[in-house]
Amino acid sequence: MNIRTIAEKCGCSTATVSKALNGAEDVSRETAERVRRIASELGYLPNAAARSMRTSRSYCFGVLYQDAGTGGLSHSFFSGILNAFRDRSAELGYDIFFISDRLGQRKLSCVEHARYRSCDGVFIPNDAYESFDIQGLAASGIPLVTVDYSFEGCGSVLSDNLRGMADLVRYIYGCGHRRIAFIYGDDTTVTRVRVHSFRQICQELGLELPAEYLVQGSYCRPAASEEATRRLLALENRPTCILYPDDLAYIGGRNEIYRQGLRIPEDISCAGYDGIEFSQMLLPRLTTVQQNAGLIGFSAADELVRAVEQGKDYVPRQIIIPGRVLPGETVRRVGPPE
């Protein structure tokens, strides 16, 4: 199947068919739609190499995902982002590949790998943005879209962690809790935003916040949350509710609570963050903030295509995606709602 066959079927020139398939503006909308419809009916697919030569694009996005102990591609939140990004990119005519630091036995930087593959743009959904390699990629001029971090001149999609944390604390406060502790994650931009929001909303609600109620843990590491929970339960004036850095980290706290013969939520209330699927399969169901991973990935693909197609006219955007509190069953009501 080639352009000549489509031209004969449409009754127009091969030049018109080529322009219609490539979105040229000097072909009427009716003609372009008829050409694309007939091409689809005939099963036509353009040659990728020829298409790249014509347009000076590879129609391929690089994905840089560096696992820093967050569960890798098996983590439900990040896999949800990546699946949505892949599907939306495909809808818009782009393939994806993963950028690594090696090509066979040769070590490459992120920039070198992206340029070797001639990718049109790069998507980074993880939080290792302060690494030298990623900083170099952001300064390379290759279109870039990030999640929960912003580089000058690059697009970003931000989960609304400020509001998500505030909404979660307000919900727990409304259930009557006044002693709320927070086990926070590794030192990242997301963590700083959540800790700031936690402090701010506690002050706004008039809650006392002892220094020992803020304990560092780690994302997706139940062992770290287990130890942090042990410290909180040993306090003389222990909290009535503990917030965990994410749903997976909550498992460590849950294990420690049960190990001490306590019950959730009768003796101690708990809440997580992310809203991944398994959190709603636990008994009792976890109270958490559900981040919209699908919309984050979808929006990132749209923004990266916009960056590529607008070129020098591109003005980066920060797209904020709201989450929502899932009430669950792990926060006990200890008084009338406020």
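Preceding this section is the structure that the text describes.
Residues numbered from 1 in each chain as written. Predicted model: local features only at pLDDT ≥ 70, side-chain atom pairs only at ≥ 80, totals over all residues. Heavy atoms only, no water.

Draft legend 1. Expanded view of the overall build of the protein. A tally of helices and strands in the protein yields 12 helices and 14 strands. Oriented by its inertia axes, the alpha-carbon framework of the protein measures out at about 85 × 45 × 35 Å. Residues counted as buried form 48% of the 338 residues belonging to the protein. When contacts within the protein are restricted to residue pairs at least 6 apart in sequence, those whose partners lie at least 24 apart make up 69%. (Helix = DSSP H or I, 4+ residues; strand = E, 2+ residues; numbered from the N terminus. Buried < 20%, exposed > 50% of the residue type's maximum accessible area, 1.4 Å probe, protein only. Contact = heavy atoms within 4.5 Å.)

Draft legend 2. Quick look at the sheet that holds strand β10 (residues 241-243). An order of β9-β8-β10-β11 is seen for the 4 strands of this open sheet, with the pairing classed as parallel. Two strands lie at the open edges of the sheet, namely β9 (214-216) and β11 (269-271), each paired on one side alone. The average undirected angle you get between the axes of adjacent strands in this sheet is 20°. Examined bridge by bridge, strand β8 (residues 180-184) and β10 share 3 bridges and lie parallel to one another. When the sheet's bridge partners are listed, isoleucine 180 is paired in β10 with cysteine 241. Each of β8, β9 and β10 touches helix α10 (residues 222-233); the most contacted strand, β8, lies at about 155° to it. (Pairing = 2+ DSSP bridges. Axes fitted to C-alpha atoms, helices over the stretch in contact; angles between N-to-C directions.)

Draft legend 3. Spatial organisation of the nonpolar core. Judged by nonpolar contacts, the single largest core of 43 residues is most densely connected at Val122, Phe123 and Leu137. Mapped by element, the contributors of at least two residues to this core are β1 (60-63), α5 (76-91), α6 (110-116), β5 (121-124), α7 (132-138), β6 (144-147), α12 (293-310) and β13 (318-321). When residues in this core are grouped by element, the largest group, 7 residues, is from α12. Not counting residues up to four positions away in its chain, the partners in contact with valine 122 are Gly62, Leu64, Ile99, Ala114, Leu137, Ile142, Pro143, Leu144, Val145 and Leu304. Of all hydrophobic cores here, the second largest spans 21 residues; its members include Tyr173, Phe198, Cys241 and Val289. (Core = buried A, V, L, I, M, F, W, Y, C linked by side-chain atoms within 4.5 Å.)

Draft legend 4. Seen up close, the packing of aromatic side chains. In total, this model carries 9 aromatic pairs according to the counting rule given. Seen in terms of ring centroids, phenylalanine 61 and phenylalanine 85 are 6.1 Å apart; in terms of plane orientation they differ by 40°. Their pairing is tilted. Within this pair, whereas phenylalanine 61 is found in strand β1, its partner phenylalanine 85 is found in helix α5, the two being separated by 24 residues in sequence. Each member of the pair phenylalanine 61 and phenylalanine 85 is classed as buried. Here the aromatic rings of phenylalanine 61 and tyrosine 94 are separated by 4.3 Å at their centres, their planes lie at 5°, and the arrangement is stacked. Within this pair, whereas phenylalanine 61 is found in strand β1, its partner tyrosine 94 is found in the loop between α5 and β2 (95-98), the two being separated by 33 residues in sequence. The exposure classification of phenylalanine 61 matches that of tyrosine 94, with both residues buried. (Phe/Tyr/Trp six-rings, centres within 6.5 Å; stacked < 30°, edge-to-face > 60°.)

Draft legend 5. Spotlight on the environment of glycine 62. When you line up the elements, glycine 62 lands in strand β1. Along the chain, glycine 62 and leucine 103 lie 41 residues apart, while their C-alpha atoms are 14 Å from each other.

Draft legend 6. Main features of the side chain of arginine 306. As for its placement among the helices and strands, arginine 306 is situated in helix α12. At 2.7 Å, the side chain of arginine 306 forms a polar contact with the backbone oxygen of valine 315. Not counting the four nearest positions on each side in its chain, arginine 306 is found in contact with Tyr314, Val315, Pro316 and Arg317. (Polar contact = N/O pair within 3.5 Å; in protein donor to acceptor, adjacent residues only side chain to side chain.)

Draft legend 7. View of the pattern of salt bridges. Tallied over the full model, the rule gives 18 salt bridges. Taking the shortest distance from any N to any O, the salt bridge between aspartate 87 and arginine 86 comes out at 3.0 Å. A salt bridge links arginine 259 to glutamate 226; the nearest nitrogen and oxygen atoms lie 3.0 Å apart. Taken together, the positions of arginine 259 in helix α11 (residues 247-259) and glutamate 226 in helix α10 put the pair 33 residues apart, joining distant regions of the chain. By relative accessible area, arginine 259 is classed as exposed at 53%. Among the ionic contacts, a cluster of salt bridges with common partners joins Glu226, Glu227, Arg230, Glu256 and Arg259. (Salt bridge = Lys/Arg side-chain N within 4 Å of Asp/Glu carboxyl O.)

Draft legend 8. The packing of helix α1 (residues 3-10) against helix α3 (residues 29-41), seen in detail. Between α1 and α3, the least distance of the axes is 10 Å, while the angle of their chain directions is 120°. In terms of their interaxial angle, α1 and α3 are classed as oblique. For the element pair α1 and α3, the recorded crossing hand is right-handed. Residues Ile6, Lys9 and Cys10 of α1 lie in contact with α3, whose contacting residues are Arg34, Val35, Ile38 and Ala39. Of the residues in the contact of α1 with α3, the class split is 5 nonpolar, no polar and 2 charged. (Parallel < 35°, antiparallel > 145°, perpendicular 65-115°, else oblique. Left-handed = near helix turned anticlockwise from the far one by under 90°. Nonpolar A, V, L, I, M, F, W, Y, C, P; charged D, E, K, R; others polar.)

Draft legend 9. Local environment of the packing of helix α2 (residues 14-21) against α3. α3 packs onto α2 with a crossing angle of 90° between their chain directions and a minimal axis gap of 9 Å. Relative to α3, the element α2 lies roughly perpendicular. On α3, the residues touching Thr16, Val17, Ala20 and Leu21 of α2 are Thr31, Ala32, Val35, Arg36 and Ala39. In terms of residue class, the contact of α2 with α3 is built from 6 nonpolar, 2 polar and 1 charged.

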